[in-house]
Every structure is written in structure tokens, then in C-alpha cells.
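Structural overview for review
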Amino acid sequence: MIGTFKRITDNPLAKYLLQRTLTYCEKDEAIRLESALKIYLGKENDACYKCKLMSRLIGYIVKKGATGFGTSEKELKEAMESEYWIRGLTSVLKGIALFGVKRPFVPGAPFQIVWNITKACNMRCVHCYESAGKRGENELSSKDIINGLDRMAKSGVTSIAFSGGEPTIHPHILDFIKHTENSGMCAAMATNGYILADKGKSQKFIDAGLEFIQISLDGTGSKTHDSFRRVNGAWERAVLAVENFVDAGIFVEVATTVTEYNIDEIPEMIDFVRDLGVNWFMLYNFIPTGNGTEIVDMDLSPKDRSELLETAYVENKNGEMQILSTAPQYAPVAESMVSKDSAMIPTHFYNPEYTSPALMQLAEFIGGCGAGRFYMSIEPNGDIYPCVFFPHKEEVKLGNLMNDNFEDIWMNNNVLHQLRDKEILEGQCGECNSRHICGGCRARAYNYFDDILAPDPGCINNQKEWETLKDRISMERAYESHHENLILKMETRKHE
């Protein structure tokens, strides 16, 4: 299958024609690729003759791809009933035209943008990557956010996930969701669920067009969760919010940031959220950024992380709920456990089952850290980063949504070029045979070593780096404690 795509894109004439599909069609008000795909899928009849001609090439490529996946043309067209799937497939084809068929694969636009629309929050979570609390002084206006949504829709972004801070307390969040939906993008949201425990309020988000919701739960009960969130009653209200959206038939993901503090509760949590009827359970990799820098000593050891991911892999066989993880090590752990009965190689966004060795090749194209490749993040002031877990440093800032060309950033930014090249990774990550399905978490590497190409200390193959870090963290904690005691003694003496 991969070879088929490479032969098509390596053909000079096919390559030229694919490039031509990226031009904008004034009549159809879309790039010719999107228009041609809709013609092939039977979604568009009144199109210009150029787009109709190009639909033959696009149809040929899509049919070849479907055959490679063991899917009939009829099944493919049925799957493409959703506008989001059409946008996603358009982005895949655009990526082939722009970047070719390379490991790792890069689509023509991010599949998802996580937009932290405000720093304001009704909680004070100890592990918050945004250090949220009060509204930021330079947050974008609602008009700017709508304008930004239009830019991303035109660029081909598939999904917008509103986050924060807490997105539900933004006064115009329902308008943003409606506009996202009306622009043909999937509207998603990551929330603590506190406000959405009220069924009437949760229904307003559904009526606005919300398609996917991620609600955070940090433990099996209020003792763990509320201590993480520093708000009494947070756990109970989050569970009520989950139940509201499950009952309404919305796609629900429960998310947990796993640390030493709550890792022992994960097996029980799997059963608990499965019984709630959620679609996905996401195990978030702890990353020492934002408030997380204050609890860095709660990070999991490589051994504990590996055992956790093994548990997740086994539990995926029980029931329909998928258990995912943002830890790229999930893929090599799964690969080591693949059997004739199960050939699942996880990605950040799905757990695909491969039915043949030929399809297994696909894991090396879509697997691994998706930062700056499948998704990016936007800050409340419009600054763009590879993902939400990168610190707000100029070195890894990609640009600003209001001031820079979004498509130019996606195409030409040097930080993104580095994140998309698994051959330049340093240390064990660069030498590892699993680098194409894993490659380590680049945000963890940067937050620990100030280098996006450094080894991810969360992997068992980087035990040496992990032990060095633990020693450094212990020394820093000892110094901080000693320093605080000295200051306390000086203050005491001053008042004697």
C-alpha cells in the first residue's frame, strides 16, 4: 500500500497534477482538491470543469488507498458521509501533495488545534500545564477568535478543541462552538466538567454543535481528584458531567494525568469509566510544565510507565471502550505484546488494529509523537506552539495566529521540521528501532533538557537519563528546603 502511494507521488505527471489540485477554485469556493474529492464522493454536482477533471485523479488515488486497506469503494463512500472525514481525507491527500509519502507522515494541515482560549479557570490544579487562574491581560477578543477560526477552516484544519484555563467559563464559548461547526470543522472541548454537571447547561453545548468532549478525572473518588483540583466537590460534578454527555450520545473521553500519586488507582478507574459508558479513556503523560514544575518528583519511573501501558494494552481487549495514552512508548510496548489474535499499535488519537503485515507498515507513518505534525496549540494571546505541553519560550514558539501566516508556519517553520524528522533524534531515541512508531515525547525532552531532540527520560531505554534527573531533582529539592530554612531563621532573628 505504501509503495503504491510512493509510485504515484514519484511519478512527475501525477505529482504535477496533485500540486495543481492545491490551487483555489473561485467558483467552488474551495481548493480544487477538496472540490474534486467531493465530486468523486458524490457530494458535489455543480462544479467547474477543471475540478471535475481533477476528480478522476483523486478518485484513482483514493480507490488505490481503499484497496490497500482492504476496503471497498462503497464502504469508503459510506464512511465519508461525515464532513469531518472528508476534511481529514482532504488533509491526507494535501499532505501527500506537499510533503510526499515519508516517515513520519505529515498531513496538509493539522488534524487538530487545541486552543486555550482563556487562562481563567474555576480550579487551581496542581498539574495544570497552563498555570491557569486569572484571565490573561492580552487575551484575544471574541472577534479575533472568530477570525482565527475562519483562517484555520480555510487552511484545512479538521478539528478545534477548545481548552484553557476552563473554556466553559468564557462568555462566548457557545458562539465559538457554533462557528466551528458552521465552518465544517469538528468542535471539541477539554473541560473539568464542573459547570456541565448541570444538565441544562450541558445541553446548551450540545445544541451549539459540540461533537466531542474530554472531561478530566484524576482518581476513583473525591479524595484524590479534589486534592489535585483543589476544589471540594469537583469529582462528583465531573462524574455528573460525564453522565450527562454519555446519556446525550456525545463522544466522551475521560482524561487522567498519571503520577505516582494516582497510578495505583488506574486499574480501578478503567473499570469505573468503562461502566460510565465513555468512548475513550486517555492516560495523559505527566509533563513538568506550568504548575507541573512544582510536582516534578511525582513523575512516573520508566518501569512504572511501561507496566501501566502494558495494563492499558491488555484492558483494551475488554469491552468497546478504547484506552489511549499520550505516552509514545505505548506503541513499542504494544508491539512487544502483539499476537496472532491482536495486532494493535496505538497512536495518540486512535488504536488501529492491523490485519496484515503490509498494513503494519502504516504504524511507522502515523505513529509517534504528534506535536507539530498532527496537531498544534494556540495560547489565549494567539501564540502558536507545537503542543500545549511546551513551555511558553521564544525558542519553541512557532508564531502568532493574528500576526503570521498560518499555512506558512505549517509548511516552513524550522522547529516543526525538526519535530518531523526522526533521523535527527539524539541519544537512545535516535538509535532505537522503535523511533518511527514512538520517538519519545518531545515536550518531555524539552521540559527536562531544554532540547526538543533529547531523549525522553520516560522510556525504559533511557533509564540512565532518568536516574540522572532524579538525582538532580533530589538535590534541587534539598537546596530549596535548606534555602527556605535559612530565610525562616533570618526572619525569626530579625524580629527577636
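Residues numbered from 1 in each chain as written. Predicted model: local features only at pLDDT ≥ 70, side-chain atom pairs only at ≥ 80, totals over all residues. Heavy atoms only, no water.

Thoughts on the overall build of the protein chain
Helix and strand counts for the protein chain stand at 21 helices and 12 strands. In terms of its C-alpha atoms, the protein chain occupies a principal-axis envelope of roughly 90 × 50 × 45 Å. Residue burial in the protein chain is summarised as follows: out of 496 residues, 58% are buried. Across the protein chain, every contact between residues at least 6 apart in sequence was considered, and the portion connecting residues at least 24 apart equals 65%. (Helix = DSSP H or I, 4+ residues; strand = E, 2+ residues; numbered from the N terminus. Buried < 20%, exposed > 50% of the residue type's maximum accessible area, 1.4 Å probe, protein only. Contact = heavy atoms within 4.5 Å.)

Digging into the sheet that holds strand β3 (residues 112-116)
Overall, mixed pairing links the 10 strands, which are arranged β9-β8-β7-β6-β5-β4-β3-β10-β11-β12 in an open sheet. The open sheet has two free edges, formed respectively by β9 (322-325) and β12 (399-400), since each of these has just one partner strand. Here 5 bridges tie strand β7 (residues 251-257) to strand β8 (residues 280-284), and the two strands are oriented parallel to one another. Paired with V254 across the bridge in β8 is F281. (Pairing = 2+ DSSP bridges.)

Details of the environment of R274
For R274, the position within the fold is in helix α12 (residues 266-276). A sequence separation of 49 residues divides R274 from I323, and the C-alpha atoms of the two residues are 9.7 Å apart. Discounting residues that sit within four places of it in the chain, R274 has contacts with E315, N318, M321 and I323.

Considerations on helix α11 (residues 234-247)
Here α11 is 14 residues long and its end C-alpha atoms lie 20 Å apart, about the 20 Å a rise of 1.5 Å per residue gives. Inspection of α11 places A234, W235, A238, V239, A241, V242, N244 and F245 among the buried residues, and these make up the whole buried set. One or two positions beyond α11, positive phi appears at G249, with a value near 80°. (Expected span 1.5 Å × (residues − 1).)

Section: the packing of aromatic side chains
Scanning the model with the defined rule gives 10 aromatic pairs in all. For the pair W235 and F272, a centre-to-centre distance of 5.8 Å together with 25° between the ring planes defines the contact as stacked. Placement of the pair is W235 in helix α11 and F272 in helix α12, with a sequence separation of 37 residues. W235 gets classed as buried once you look at its relative accessible area, which sits at 17%. Overall, the relative accessible area of 24% leaves F272 in the partly exposed class. (Phe/Tyr/Trp six-rings, centres within 6.5 Å; stacked < 30°, edge-to-face > 60°.)

Structural notes on the pattern of salt bridges
Under the criterion given, the structure shown has 21 salt bridges. Two residues, K27 and D46, come together in a salt bridge whose shortest N-O distance is 3.4 Å. With K27 in the loop between β1 (24-25) and β2 (30-31) and D46 in the loop between α3 (32-40) and α4 (49-68), the pair connects residues that are 19 residues apart, well separated along the chain. Residue K77 pairs with E73 through a salt bridge whose shortest N-O separation is 3.9 Å. Taken as a pair, K77 and E73 lie in helix α5 (residues 73-79) at a separation of 4 residues, close to a single helical turn. By relative accessible area, E73 is classed as partly exposed at 32%. Here the residues in one salt-bridge network are D299, R305, R444 and D456, joined through shared partners. (Salt bridge = Lys/Arg side-chain N within 4 Å of Asp/Glu carboxyl O.)

Describing the domain arrangement of the protein chain
The domains assigned to the protein chain are domain 1 (1-99) and domain 2 (112-449). Using C-alpha coordinates to define each centre, domain 1 is positioned 29 Å away from domain 2. Contacts between the two partners involve 13 residues from domain 1 and, on the opposite side, 21 residues from domain 2. Applying the counting rule to domain 1 against domain 2 returns 1 salt bridge. (Domains from an automatic or database assignment.)

Some points on the pairing of strand β6 (residues 212-216)
When you tally the buried positions in β6, you get 5 out of 5 residues, the bulk of the element. Along β6, one buried face is formed by F212, Q214 and S216 and the opposite face, lined by I213 and I215, is buried too. By the bridge criterion, 4 bridges tie strand β5 (residues 186-191) to β6 in an arrangement that is parallel. Across the sheet, the residue bridging to A188 is F212, located in β6. Running through helix α9 (residues 199-208), the crossover from β5 to the neighbouring parallel element β6 is right-handed. Pairing between β6 and β7: 5 bridges, direction parallel. Considered in β7, the bridge of S216 is made with A255. (Right-handed = clockwise from strand over helix to strand, strands pointing away.)

What about the UniProt feature "domain: Radical SAM core" (unreviewed entry) in the protein chain?
According to UniProt, the feature "domain: Radical SAM core" (unreviewed entry) maps to residues 107-320 in the numbering used here. Across residues 107-320 one finds 38% helix and 15% strand; the C-alpha atoms that close the span lie 28 Å apart. (UniProt positions renumbered as here; feature names shortened; annotations may be inferred.)

Things to note about the side chain of T180
Structurally, T180 can be placed in helix α8 (residues 173-182). On the basis of relative accessibility, which here comes to 0%, the residue T180 falls in the buried class. Residue contacts for T180: discarding those within four places in its chain leaves L149, I160, F162, M185, C186 and A187.

Brief notes about the pairing of β5
A large share of β5 lies buried, amounting to 6 of its 6 residues. Across the two faces of β5 the burial is the same, with C186, A188 and A190 and A187, M189 and T191 all buried.

A short note on helix α14 (residues 330-337)
Those residues of α14 lying buried are Y330, A331, V333 and A334. The buried residues of α14 occupy an angular sector of 165° when projected down its axis, which confines them to one face. On its buried face, α14 is in contact with α13 (302-315) and β9. (Arc of directions from axis to C-beta.)

Re the state of the cysteines
Following the criterion strictly, the structure yields 0 disulfides and no others. Left unpaired, C51 is separated from the closest cysteine sulfur, that of C48, by 3.5 Å. Not part of a disulfide, C121 finds its nearest cysteine sulfur in C125, a span of 5.7 Å. A relative accessible area of 13% places C121 in the buried class. (Disulfide = S-S within 2.5 Å.)

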